[in-house]
Amino acid sequence: VLHYKRLATIAGDAGMHHLRDRLHHLLQEIELSAVQVLHGVSRITATVQRTVVDLAASEPNPTGRRRMWIEKLKYIDESVYLRSYKGLLEAIQQVRYLSSEARLPALQASCRESLERIAAI
């Protein structure tokens, strides 16, 4: 990703458009990985909830490390992961749009204008 960021800084929109196929593949891989992470978080959360229910049933008044573990669970907020995931997907969609075929006419016009300014110097 840093390679694409450096290239975008140097070559601008035209460079990003040129690399769009490779970039879109990379974005798709990131999306798939993010889905796997989110799925993993959901599975872990469900397992923890079942464990707490089992512990409460077998030991109504836990002590020591078990009690501390159960008390610390209140700090886990699955919605934080969901917001992060949503933010990542929105950023990916924005990058995908900024390098898409739909923007090609605007990119061409921008390049033409830049070349005209350079030629006028």
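K.L.:
In this structure, what is going on with the confidence of the model for the chain? I would like to understand it.
P.N.:
Interpretation of the predicted coordinates at a detailed level should be avoided for regions scoring low in pLDDT. Confidence in the prediction for the chain averages 83 pLDDT; 83% of positions are at 70 or higher. The secondary structure element of the chain with the lowest average pLDDT is helix α1 (residues 2-18), at 66, and the one with the highest is helix α2 (residues 20-58), at 90.

K.L.:
I would appreciate a short explanation of the packing of α2 against helix α3 (residues 64-72) in the present structure.
P.N.:
When two helices pack together, their arrangement is given by the angle between their axes and by how far apart the axes lie. With their axes 11 Å apart at the nearest point, α2 and α3 run at an angle of 135° to one another. Classified by the angle between their axes, α2 and α3 sit oblique to one another. The chirality of how α2 crosses α3 is left-handed. Contacts between α2 and α3 involve Val48, Thr51, Val52 and Leu55 from the first element and Arg66, Trp69 and Ile70 from the second. Grouping the constituent residues of the contact of α2 with α3 by class yields five nonpolar, one polar and one charged.

K.L.:
I tried to follow the pattern of salt bridges on my own but got confused; where do I start?
P.N.:
For side chains of opposite charge, pairing can occur when their charged atoms come near one another. All chains considered together, the criterion is met by four salt bridges. Linking Glu31 and Arg96 is a salt bridge whose minimum nitrogen-to-oxygen distance equals 3.3 Å. A residue pair is termed long-range when its members are at least 10 positions apart, and Glu31 in helix α2 and Arg96 in helix α4 (residues 78-98) qualify at 65 residues. For Arg67, the salt bridge goes to Glu71, with nearest N and O atoms at 3.0 Å. Note that Arg67 and Glu71 are positioned in helix α3 at a spacing of four residues, about one turn of the helix.

K.L.:
Before we go on, may I ask you to explain the packing of α2 against α4 in this structure?
P.N.:
At a minimum axis distance of 11 Å, the contact between α2 and α4 shows a crossing angle of 170°. With respect to their mutual orientation, α2 and α4 come out roughly antiparallel. Contact with α2, carried on its side by Leu23, His24, Leu27, Gln28, Ile30, Glu31, Ala34, Val35, Leu38, Val41, Ser42 and Thr45, involves Glu78, Tyr81, Leu82, Tyr85, Leu88, Leu89, Ile92, Gln93, Val95 and Arg96 of α4 and no other residues of that element. Across the contact of α2 with α4, the residue classes tally to 14 nonpolar, five polar and three charged.

What counts as what
Residues numbered from 1 in each chain as written. Predicted model: local features only at pLDDT ≥ 70, side-chain atom pairs only at ≥ 80, totals over all residues. Heavy atoms only, no water. pLDDT = per-residue confidence, 0-100. Helix = DSSP H or I, 4+ residues; strand = E, 2+ residues; numbered from the N terminus. Axes fitted to C-alpha atoms, helices over the stretch in contact; angles between N-to-C directions. Parallel < 35°, antiparallel > 145°, perpendicular 65-115°, else oblique. Left-handed = near helix turned anticlockwise from the far one by under 90°. Contact = heavy atoms within 4.5 Å. Nonpolar A, V, L, I, M, F, W, Y, C, P; charged D, E, K, R; others polar. Salt bridge = Lys/Arg side-chain N within 4 Å of Asp/Glu carboxyl O.

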